[in-house]
Amino acid sequence: MLTQTTSRVLEPSDLDAALAVLDRDPVTNAFVTARVQVAGLDPWRLGGEMWGWYEGGMLTSLCYAGANLVPIGATPRAVRAFADRARRAGRRCSSIVGPAESTAQLWRLLEPHWGPAREVRAHQPLMVADRMSADVAPDPLVRRVRKDEMDTIMPACVAMFTEEVGVSPMAGDGGLLYQARVAELVGSGRSFARIDDHGKVVFKAEIGAATAQACQIQGVWVAPEYRGRGLAAPGMAAVLRYALSDVAPVVSLYVNDFNTAARRTYRRVGFQEAGAFMSVLF
């Protein structure tokens, strides 16, 4: 055990201590927890490093440094240490994302070295549901996407990502990593859609991060020509029902604060605001 206040890259032998930190807030930390439970702390399997901050020899804060930079349970002192390590290493991530307060502090320290960002979304409400709403009936036509429907779901996933993030996931490596992620979600039964009689995706969403304690819905999208027809709320109710019955007792998502229509839909389905995230996009 370390007997000083310091930060370091965690090793596979630190797994139990890291999971203990993640378990303090299973909903907020679901994305990183899910990765760590599957891959451990080996950087090659994890897809990045896990940085730890020690206070008095005890691991108290984490920062996942992979495709995203994610502060976890990070105190102000930990954030400063993580920012210093990130600055020395240079930017390797495509975004910084996490709880709004610690992410804002991290970005203030890194912006002089990494800025400017392509976009900063300073307040993204974190919404949580642990039961179905009686006000919205689930859409019976929303179902799991089959493995043989990759060609059907993929264009909708690309359209959603491009609308949400502002760049196409097919850039760079030709979309190989993104296609692999979509295939993983489809293969694990966590991709859901309503598909019309012509093979067109009308509504879709995925259960991304998933642990035994909490899971996170992502990639919610309605085809442009179907918007305004009241399909989003029943579609979300259907995905929420799958998530609560098959995956975890608590379901979360985070949404841009300016997307008032989506926030209203999620509240109708049974989600309540429980915090806020922040995203810095490069």
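These notes cover the structure that comes with them.

What counts and how
Residues numbered from 1 in each chain as written. Predicted model: local features only at pLDDT ≥ 70, side-chain atom pairs only at ≥ 80, totals over all residues. Heavy atoms only, no water. Pairing = 2+ DSSP bridges. Helix = DSSP H or I, 4+ residues; strand = E, 2+ residues; numbered from the N terminus. Right-handed = clockwise from strand over helix to strand, strands pointing away. Salt bridge = Lys/Arg side-chain N within 4 Å of Asp/Glu carboxyl O. Buried < 20%, exposed > 50% of the residue type's maximum accessible area, 1.4 Å probe, protein only. Core = buried A, V, L, I, M, F, W, Y, C linked by side-chain atoms within 4.5 Å. Contact = heavy atoms within 4.5 Å. Expected span 1.5 Å × (residues − 1). Bend = angle between axes of the 7 residues up to and from the residue. Phe/Tyr/Trp six-rings, centres within 6.5 Å; stacked < 30°, edge-to-face > 60°. Axes fitted to C-alpha atoms, helices over the stretch in contact; angles between N-to-C directions. Parallel < 35°, antiparallel > 145°, perpendicular 65-115°, else oblique. Left-handed = near helix turned anticlockwise from the far one by under 90°. Nonpolar A, V, L, I, M, F, W, Y, C, P; charged D, E, K, R; others polar.

Let us look at the pairing of strand β11 (residues 251-254). Inspection of the sheet shows strand β6 (residues 119-129) paired to β11 by four bridges, in the antiparallel sense. Paired with Leu126 across the two strands is Tyr254, which belongs to β11. The β-α-β motif built from strand β10 (residues 215-222), the intervening helix α8 (residues 232-246) and the parallel element β11 has right-handed crossover chirality.

Okay, the pattern of salt bridges next. Overall, the coordinates contain 18 salt bridges when judged by the stated rule. We note a salt bridge from Lys204 to Glu206, for which the minimum N-O separation is 2.7 Å. Glu206 matches Lys204 in its accessibility class, with the two residues each being buried. We note a salt bridge from Glu273 to Arg263, for which the minimum N-O separation is 2.8 Å.

What follows deals with the nonpolar core. Counting residues in hydrophobic clusters, the biggest one holds 45 residues, and the most contacted among them are Ile153, Val182, Met236, Val239, Val251, Tyr266 and Phe271. Counting residues per element, this core draws most heavily on α8, at eight residues. Once you skip the residues sitting within four places of it in the chain, Val239 turns out to touch Val142, Phe192, Phe203, Ala205, Ile207 and Ile217. Ranked by size, the runner-up nonpolar core spans 23 residues in total, among them Cys63, Ala81, Trp114 and Phe282.

In this model, helix α5 (residues 100-114) (15 residues) spans only 18 Å end to end at C-alpha, well below the 21 Å of a helix rising 1.5 Å per residue. Of all the bends in α5, the largest measures some 35 degrees and sits at Arg108, one to four residues before the proline Pro112. For α5, the set of buried residues is Ala100, Ser102, Thr103, Ala104, Gln105, Leu106, Trp107, Leu110 and Trp114.

This part takes up the packing of aromatic side chains. Evaluation of the coordinates by the stated rule reveals eight aromatic pairs. Between Phe31 and Tyr64 the ring centres are 6.5 Å apart and the planes differ by 80 degrees, which places this aromatic pair in the edge-to-face class. Residue Phe31 is found in helix α2 (residues 30-39), and its partner Tyr64 is found in strand β3 (residues 58-65); the two are separated by 33 residues along the sequence. For Tyr64, a relative accessible area of 3% translates into the label buried. For the ring pair Trp51 and Phe82, a centre distance of 6.4 Å and an interplane angle of 35 degrees mean the geometry is tilted.

Of the consecutive residues Gly115 and Pro116, the connecting peptide bond is found in the cis state with omega at 0 degrees. With respect to the helices and strands, the residue Pro116 is situated in the loop between α5 and β6.

This next bit is on the packing of helix α1 (residues 15-22) against α2. The interhelical angle for the contact between α1 and α2, taken along N-to-C directions, is 155 degrees, at an axis separation of 10 Å. In this view, α1 runs roughly antiparallel relative to α2, as classed from their interaxial angle. The way α1 lies across α2 gives a crossing that is left-handed. Touching Leu15, Leu19 and Leu22 of α1 are Val32, Thr33, Val36 and Gln37, all from α2. Of the residues in the contact of α1 with α2, the class split is five nonpolar, two polar and no charged.

Where α8 meets helix α9 (residues 260-269), the axes come as close as 9 Å, and the angle between the chain directions of the two elements is 50 degrees. In terms of axis orientation, α8 runs oblique to α9. The two elements α8 and α9 cross, and the hand of that crossing is right-handed. Taking contact as the criterion, the partners of Ala232, Ala233, Met236, Ala237 and Leu240 in α8 are, on α9, Thr265, Tyr266, Arg268 and Val269. For the contact of α8 with α9, the class distribution of residues is seven nonpolar, one polar and one charged.

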